[in-house]
Amino acid sequence: MYEILLKRIYEPVSDLDGFRILVDRLWPRGISKERAALADWAKDLAPSTALRKDFCHLPERMEAFRVRYTMELDQSEGAAAYAARLRQILEIKPVTLLYGAKDPVINHAVVLKAWLDSQMASR
């Protein structure tokens, strides 16, 4: 099985990206659909608007955000179904989660990747 990767959407597309998924609820500024080269836009996997606004990418809020966002994912039938779909894709190619945040550590995609990794390991 291939792995789930993280990448900022502003970085160049690579053949190593495999199945490219934008995981932001909002489309990133300055990126055309052609440049994004997406296989999917999974905006329903992004944190709720209220949670995203509360988090505001502040490092001191990251742990509370991680807990709340993980709860959102755990309670989402859509997220569980998407994880099952990714499991099938990962059998044939890597999956790259794309995000627009500037910080590679303090962002929702890090939490989503950890949640998806746990879903892959538990099945």
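Residues numbered from 1 in each chain as written. Predicted model: local features only at pLDDT ≥ 70, side-chain atom pairs only at ≥ 80, totals over all residues. Heavy atoms only, no water.

Comments concerning the packing of helix α4 (residues 77-90) against helix α5 (residues 108-121)
Close contact between α4 and α5 brings their axes to 10 Å; oriented N to C, the two are set at 70 degrees. Comparing the axis directions of α4 and α5 gives the class roughly perpendicular. For the crossing formed where α4 meets α5, the hand is right-handed. Two secondary-structure elements touch here, α4 through Ala79, Ala80, Ala83, Leu86, Arg87 and Leu90 and α5 through Trp115, Leu116, Gln119 and Met120. Per-class residue counts for the contact of α4 with α5 are eight nonpolar, one polar and one charged. (Axes fitted to C-alpha atoms, helices over the stretch in contact; angles between N-to-C directions. Helix = DSSP H or I, 4+ residues; strand = E, 2+ residues; numbered from the N terminus. Parallel < 35°, antiparallel > 145°, perpendicular 65-115°, else oblique. Left-handed = near helix turned anticlockwise from the far one by under 90°. Contact = heavy atoms within 4.5 Å. Nonpolar A, V, L, I, M, F, W, Y, C, P; charged D, E, K, R; others polar.)

Re the layout of surface pockets
Here the largest pocket defines a volume of roughly 450 Å³. The wall of the largest pocket is formed by 21 residues, among which Asp24, Leu26, Arg52, His57 and Ala101 lie closest to the centre. Taken together, the residues that form the lining of the largest pocket break down as twelve nonpolar, four polar and five charged. (1 Å grid on protein atoms, 1.4 Å probe; cavity = no way out; pocket = protein on both sides within 12 Å on 5 of 7 lines; lining within 4 Å. Points joined across faces, edges and corners; volume = space filled by probe spheres on them.)

Quick word on unusual backbone geometry
For residues that are not glycine, phi is negative in most cases, and the peptide bond is trans in most cases. Here the phi dihedral of alanine 37 falls at roughly 50 degrees; this positive angle occurs in a residue that is not glycine. Of note, cysteine 56 is a non-glycine position whose phi angle comes to about 55 degrees, a positive value. Of note, cysteine 56 is situated in the loop between α2 (49-55) and α3 (62-74).

Brief notes about the pattern of salt bridges
Inspection of every chain in the model, using the stated rule, returns six salt bridges. Among the salt bridges present, the one from arginine 20 reaches aspartate 17, with a minimum N-O distance of 2.5 Å. For the pair shown, arginine 20 and aspartate 17 are each scored as buried. Measuring nitrogen to oxygen at the nearest pair gives 2.7 Å for the salt bridge that ties aspartate 117 to lysine 113. Here aspartate 117 and its partner lysine 113 are both found in helix α5, four residues apart, which amounts to about one turn of the helix. (Salt bridge = Lys/Arg side-chain N within 4 Å of Asp/Glu carboxyl O. Buried < 20%, exposed > 50% of the residue type's maximum accessible area, 1.4 Å probe, protein only.)

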